[in-house]
Each structure stands twice: as structure tokens, then as C-alpha cells.
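Structural overview
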Amino acid sequence: MMICRCMSITTSCILLILLIGISNTRAFLPNAPSKAFGNHIHASETNSALSSTRQDSITLGFGQPTELPDSLDDAAEQAALAATELCAFCGNSNARIRVDFDTSVGDETFTPLKSSTEFMQKFTSGLCYSLIPELMAKRQQEMMAAAQARAELAALMQAPPPPEGEVDENAERMEELREVIMAGGSSGEWKGEKVRIYFPDEGNAALANRDWRVGRSDSLVPPCVEFASLGGRQMADTSQDSIILFFCPKASESDFLEDVLQKAENSGKLKMSVFVNAQLVDMGVTGFGVRGRMLRERLLDGLQSAYYLRTLSWGALTRSWPRDFTVWQEDEAEEGGYRMIKNLDYLPSNPEVEDI
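A short tour of the structure in this document, coming up. (Residues numbered from 1 in each chain as written. Predicted model: local features only at pLDDT ≥ 70, side-chain atom pairs only at ≥ 80, totals over all residues. Heavy atoms only, no water.)

1. A closer look at helix H9 (residues 254–266)
An α-helical turn contains 3.6 residues, so a residue and the one three or four places further along point in the same direction. The condition that has to hold: Numbering goes from the N terminus for both helices and strands, where a helix is a DSSP run of H or I of at least four residues and a strand is a run of E of at least two. Expected span, for any helix, means 1.5 Å times one less than how many residues it has. For every residue, the accessible area (1.4 Å probe, protein chains only) is compared with the maximum for its type, and the residue is labelled buried under 20%, exposed over 50%, or partly exposed between those bounds. The reported arc concerns the directions from the helix axis to the C-beta atoms and nothing else.
For H9, spanning 13 residues, the distance from its first C-alpha to its last is 18 Å, which sits close to the expected 18 Å at 1.5 Å a residue. Residues of H9 that are buried include every one of Ser-254, Leu-257, Val-260, Leu-261, Ala-264 and Glu-265, and no others. Along the axis of H9, the buried positions cluster into a sector of 125°, meaning they face one direction only. Facing away from the buried side of H9 by more than 90 degrees, the exposed set consists of Asp-255, Lys-263 and Asn-266. Gly-268 sits one or two residues past H9 and shows a positive phi near 80°.

2. Quick word on the sheet that holds strand S3 (residues 225–229)
For clarity, the threshold we go by: We call two strands paired when DSSP finds no fewer than two bridges between them. Angular values range over 0 to 180 degrees, each being the angle between N-to-C directions of two axes fitted as lines to C-alpha atoms, with helices fitted over their stretch in contact. By definition in these notes, contact holds between two residues if any of their heavy atoms fall within 4.5 Å.
One open sheet accounts for nine strands, arranged S3-S2-S4-S5-S1-S6-S7-S8-S9; its pairing is mixed. Strand pairing shows two members of the sheet lacking a second neighbour, S3 and strand S9 (338–344), which therefore form its edges. Between one strand axis and the next, the sheet turns through 20° on average, direction left out of account. Its contacts with the sheet put helix H5 (residues 117–131) on strand S1 (95–102), strand S2 (194–199), S3, strand S4 (241–247) and strand S5 (272–276), and the angle it makes with S4 is roughly 165°. Packing against the sheet, helix H8 (residues 202–211) makes contact with S2 and S3, and its axis sits at approximately 155° to S3.

3. Describing the layout of surface pockets
Put simply, the rule reads: Grid spacing is 1 Å over the protein atoms alone, the probe is 1.4 Å, and a cavity is where that probe fits but cannot get out, while a pocket is an open set with protein on both sides within 12 Å along at least five of seven lines and lining residues have an atom within 4 Å of a point. Grid points are joined across faces, edges and corners, and a volume is the space filled by probe spheres set on the points. Note that Gly is not counted as nonpolar here; it falls among the polar residues with everything else outside the nonpolar set of Ala, Val, Leu, Ile, Met, Phe, Trp, Tyr, Cys and Pro and the charged set of Asp, Glu, Lys and Arg.
If you add up the space inside the second largest pocket, you get close to 1000 Å³. Listed by contribution, the elements that provide at least two residues to the lining of the second largest pocket are S1, helix H4 (112–115) and strand S6 (304–311). Along the lines of polarity and charge, the residues of the lining of the second largest pocket split into 14 nonpolar, 10 polar and 10 charged.

4. Topic: the packing of H5 against helix H6 (residues 133–157)
Counted only if it meets this: Throughout this description, any angle smaller than 35 degrees is read as roughly parallel, any larger than 145 degrees as roughly antiparallel, any in the 65 to 115 degree range as roughly perpendicular, and the remainder as oblique.
Between H5 and H6, whose axes approach to 5 Å, the crossing angle comes to 100°. By the angle class used here, H5 and H6 are roughly perpendicular. Here H5 contributes Cys-128, Tyr-129 and Leu-131 to the contact with H6, which in turn contributes Pro-133, Leu-135, Met-136 and Arg-139. Taken together, the residues that form the contact of H5 with H6 break down as six nonpolar, no polar and one charged.

5. Side note on the pattern of salt bridges
Which entries qualify depends on this criterion: By definition, a salt bridge exists where a carboxyl oxygen of Asp or Glu is found within 4 Å of a side-chain nitrogen of Lys or Arg.
Tallying each qualifying case throughout the model produces 17 salt bridges. The residue Arg-210 makes a salt bridge to Asp-211 at a minimum N-O spacing of 2.7 Å. Relative accessible area serves as the criterion here: at 53%, Arg-210 is assigned to the exposed category. A salt bridge links Arg-213 to Asp-218, with the nearest nitrogen and oxygen atoms 3.9 Å apart. For Asp-218, a relative accessible area of 31% puts it in the partly exposed group.

6. A word on unusual backbone geometry
The omega angle of the peptide bond from Trp-321 to Pro-322 is 10°, so this bond is cis rather than trans. Assignment of secondary structure puts Pro-322 in the loop between strand S7 (315–320) and strand S8 (325–330). Phi angles above zero are rare outside glycine, and Asn-94 is one such case at about 55°. As for its placement among the helices and strands, Asn-94 is situated in the loop between helix H3 (72–89) and S1. Non-glycine residue Arg-213 carries a positive phi angle of around 60°. Considering the arrangement of structural elements, one finds Arg-213 in the loop between H8 and S3.

7. Section: the packing of aromatic side chains
Heads up, the rule is: Aromatic rings from Phe, Tyr and Trp, with only the six-membered ring used for Trp, were paired whenever their centres fell within 6.5 Å, and each pair was classed as stacked if the ring planes differed by under 30 degrees, edge-to-face if by over 60, and tilted otherwise.
Considering all chains together, one arrives at 10 aromatic pairs under this definition. Centre to centre, the rings of Phe-199 and Phe-247 are 5.7 Å apart; their planes meet at 70°, and the pair counts as edge-to-face. Linking Phe-199 in strand S2 with Phe-247 in strand S4, this pair joins segments that are 48 residues apart in sequence. With a relative accessible area of 1%, Phe-199 lands in the buried category. Phe-247 sits in the buried class, given a relative accessible area of 0%. When the ring of Phe-246 is compared with that of Phe-275, the centres are 5.0 Å apart and the planes differ by 45°; the resulting orientation is tilted. You can see Phe-246 sitting in strand S4 and its partner Phe-275 sitting in strand S5, a full 29 residues away along the chain. Each member of the pair, Phe-246 together with Phe-275, is buried.

And the structure:
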């Protein structure tokens, strides 16, 4: 009875954490106004994948301002939700989506890749759990197994020791339980759909594989995530890739990126490709002439913006699909510390933003 009671309490706590999600309250936009982003999906009478209720909710989103996120976690959650629903609107097949996240306010101490790594980890995790249902089921099973192992181990540790000279019959079982706990309840290698992140080069991919703790019980991303680079020999099996993300791709990798993208889309299994903080047009590489224009026409012009956040010295510009791009200005007199000054149905240029 004691074991069952412990298992029930521990399991309930862990499942509650899973349902609530990550709760990091460290805000990068101080006093940003709070809001609910429960209905960020698009309406389409011709898209049977979306219910009429969702369609009605999204219809109301058009022309509406995008609120500022409360924290980095909140921004990642919004971005994952917007990308998921935009993918559904595109029929969950070969959707090309763009996500831009820049809170540097012009500070070039860190590279764009370095400064947006934590956002990328959380965004990727949210995307995986939204679009791969089997992943959530596996995670719940693992958490349950770990909770049960902890409860059983706690009960065995409270049992009286065997008489002197006799073998402890519980010792072997306790060691097995510790291994289950150390593995986070993992039930083996992931064999379902894969999500692949392409880094600009092999060095960054290798560092991420180490720093993101891939393959470990404390990994910062789900087990379906694998890494690759835009360059070098491609040895990985990509036949199960259903989502690919290009993390801070540069103009110098554009040819390789297009080749990867074409092969993935021709596979018939790709749900979407996501370009995160893409920097594919560079005066020193593509120029702004014919080559740059052709690259933009082939690739960039077809991208649909799911999420955009850029902090400014005096405010922020944000967008969460299908809502509009919204410019916010710091204002101590306003509740939350920000005041909306402009709502646009397109991404304004830098001069436009400064002139608002």
C-alpha cells in the first residue's frame, strides 16, 4: 500500500509538470504585458484538417495585434504553436516557415546562433511534442516508469536489512531501479519520426551535440532530434525526417541548403522546414544583384513568417501568426510597461520602424 501511495503522488506531480510545461520566468522583455495565445491558428473553409471552431478562432485573429511574450519560454511556446498551426494550414506537407528571434538590441558580443540557442532548444522541443503525438506518449510512459521506480526504491530502502550473514534479496532489484531512474525511465532508442536541425557547419553541430546533451536522460531536446551540418559528408539516415530546421543558415551555405531542402521535400515525408534566424542574403557572398535576387525568388520569398520578435532600444517588434506585426514602445505609464503604437499586416523595414 505504501508503494502504491508513493507512486501515485510522485506520478501525479511529474505529469502535472509535463502538462504545465517549462515555467522559466526569466523575462527578457521587462514588464511585458501578459496575454493568452490559445488560438493561434489559421482559418480556411477548404482545409478539413482544421475544425470549424479553430477556423472561427483564427478568423478573429486576422488584423489583431500580437502581444509581447512574458519570457523566453513564452516566446518559444508562441513560436512553436504558430509554426504548428501554420503547418496544419499548409496541409502538413512541405510547408516552408520562417522564425526570427533577436533580443540582442544590436549587441554583437555573441553570434546570432549563440544568442538564440536557448530559444532554439525550447522552440524545437515544443514543435516536436506538437507535431509528433507518439513522442508525448513515450515521454509520459518514461515519466511514469521513473516515478514508479523511485517509489519502489524508496519502499525497499525502508525495508529492514537482512540478518547478518544473509544475502540481501532486494539488492539486485534496487540496482535495477537505480538504473531506470538514471535513464529517466527511457524505454530504449527512439524509432519514430525524426526532427533534424542543420547547423551552419560541422563544428557547431558537434558542439551542440555535446552541450544539448543529446542521447542522455537529461537531454535539452526530445529523443527524436538529431543534428547535421550544411556542408561536409552527410552520413546520417534521413529517411524518417518529418521536420527539418535550418538554424542560422548563412549565404555561404545556400547552395547546400537548397539541395538538402529539395531532397527532403521530394521524400514525401516532410511536414515542414523551418528557417530560424536565416541570414541567406549577404552583400559579400550573394550580393544584391542577380544572384541575390534569384536566391530570394527561389527560397526566401516563399517562406511564411510564423513568428517574429526583435527587441529595440525603445521597444519591440513582434508577430505571431496569424496576427499582425505589432510595434511596441516602452511606456512606464502603461500597465505592463509597454504601449502599442502600430499594427501592420507586413514586416516593416528598419527605416519604417524607426519612423513610426
